[in-house]
Amino acid sequence: MVFDSTAHSDHEQVSYFTDPETGLQAIVAIHDTTLGPSLGGTRMLDYASEDAALEDVLRLSHAMTYKAAAADLPLGGGKAVILGDPDDLSSEALFEAYGRAVDCLAGRYITSVDVNSGVEDMDVVARETDHVVGTSDGLGDPSPITAHGVFHGIRACAESVYGTRSMDGRDVVIQGLGKVGRSLAEELLADGASVTVTDVDTEAVDAFAEEYDVETIDPEAVYSQSCDVFAPCAVGGVVNDETIPQLDCDIVAGGANNILAERRHAAVLREQDILYAPDYVINGAGLITVAKEYLGGTREEAYEEAAALGDRLLEMIELADERDTTVLDAADAYAENRIEGGERMPTIPT
Ligand code: NAD
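Because the structure is a prediction, the values reported are computed rather than measured.

Draft legend 1. Molecular detail of the UniProt feature "active site" (unreviewed entry) in the chain. Taking the numbering used here, the UniProt-annotated feature "active site" (unreviewed entry) corresponds to Lys 79. In this fold, Lys 79 is placed in strand 5 (residues 76-83). If sequence neighbours within four positions are ignored, Lys 79 has contacts with Ile 27, Val 28, Ala 29, Gly 40, Gly 41, Val 57, Leu 60, Ser 61, Met 64, Tyr 109 and Asp 114.

Encoded structure:
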């Protein structure tokens, strides 16, 4: 039954861990370690069923392989889920037990923060294993570095569409003024762009508009706002059948994960002559930062590698033009090419 399942037939390893004393039930999915050990966060959720948890962890670990490969990192893709309501279950003892589980994978999987697991939890995990990043001893908040990568990705898109990377005089609409959106707005303003911001948190928008020379807009009006670049930096699924007909922009490029409701929307955008920068490429600097933490390196180096995302994205845009396909297809091809050229990790590292 297990080996026949097509759900995880493309994964190298799926491990289940339990610890009755703490109530830990975790699944670690290692999708691919061709390019290096798998890295991905630990999501803690009260899943509707074990199948739902398995489906989530398999999908997320698969995505991490592509994200790491597209970021030119020597890492593979993995992810973990802890099943249960964080309010009922989360405890130091549980994260210690989880740390022991991660440790027994001997470095084939490196864990980090994700939904409902934070820096404090990773500090606890680190008591039991070295294979963890995102601790308080680490390189700090990756968000400004993520934004730096998004900024350079937007500039690469501008070069493709307008023939110049300069954002001077370009209109950019940023959806979501959180950790990534704010830093992105600052970088774009410094490069001469006209920036319009929105957030469901209207106080945050007002405070930002007092400090910076930006326009503001209601969250519902964001899709139909005429602009050069629409930069989603809030939640996923915002580019969908309902919003695409409203879009009045040349470029969709932002930091949010899973911007497209469905993969086919990349082709729909292309048909409408809108350049879409694949989210997993353009927001890859968050992963670059935590990878630096594991592999050794500085925040400054992470900033440099984040900036290099722009050139890589431009390469993918050119490949898409050559192949008459979407940039998402080209990005996948770029990642797959790297993986095919690599060698699978032959043994468990010690
Ligand atoms: P955040 O929680 O700091 O900010 C998100 C902001 O979006 C909040 O201010 C929230 O009020 C706002 N928001 C939520 N729904 C909205 C809506 N419908 N319209 C307008 N605003 C809305 O998160 P963040 O760290 O800035 O991350 C933003 C996105 O980027 C997320 O999708 C995240 O998964 C992704 N991402 C972040 C990083 C990182 O380093 N932080 C790395 C990769 C990807």
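Further notes follow.
Draft legend 2. Structural context of the packing of helix 5 (residues 143-162) against helix 10 (residues 285-295). Closest axis-to-axis distance for the helix 5/helix 10 pair is 7 Å, and the angle between their directions is 135 degrees. Classed by the angle they form, the pair helix 5 and helix 10 counts as oblique. Crossing angle aside, the handedness with which helix 5 passes helix 10 is right-handed. Two secondary-structure elements touch here, helix 5 through Ile 145, Thr 146 and Gly 149 and helix 10 through Ala 285, Gly 286 and Thr 289. Here the residues of the contact of helix 5 with helix 10 sort into two nonpolar, four polar and no charged.

Draft legend 3. Examining the domain arrangement of the chain more closely. Each assigned domain of the chain is listed here: domain 1 (2-64 + 75-125) and domain 2 (143-336). The C-alpha centroid of domain 2 is placed 29 Å from the C-alpha centroid of domain 1. Across the contact, six residues belong to domain 1 and five residues belong to domain 2. In total, domain 1 and domain 2 occlude about 510 Å² of area from one another, counting both sides; carbon and sulfur atoms represent 80% of this. In terms of surface lost to domain 2, no three residues of domain 1 exceed Leu 39, Leu 75 and Ile 110, which account for 58% of the buried area on that side. Summed over the shared surface of domain 1 and domain 2, the result is zero salt bridges. Looking at the side of domain 1 that touches domain 2, its residues break down into four nonpolar, one polar and one charged.

Here is what the cut-offs are and how they apply
Residues numbered from 1 in each chain as written. Predicted model: local features only at pLDDT ≥ 70, side-chain atom pairs only at ≥ 80, totals over all residues. Heavy atoms only, no water. UniProt positions renumbered as here; feature names shortened; annotations may be inferred. Helix = DSSP H or I, 4+ residues; strand = E, 2+ residues; numbered from the N terminus. Contact = heavy atoms within 4.5 Å. Axes fitted to C-alpha atoms, helices over the stretch in contact; angles between N-to-C directions. Parallel < 35°, antiparallel > 145°, perpendicular 65-115°, else oblique. Left-handed = near helix turned anticlockwise from the far one by under 90°. Nonpolar A, V, L, I, M, F, W, Y, C, P; charged D, E, K, R; others polar. Domains from an automatic or database assignment. Buried area = accessible area lost by both parts, 1.4 Å probe. Salt bridge = Lys/Arg side-chain N within 4 Å of Asp/Glu carboxyl O.

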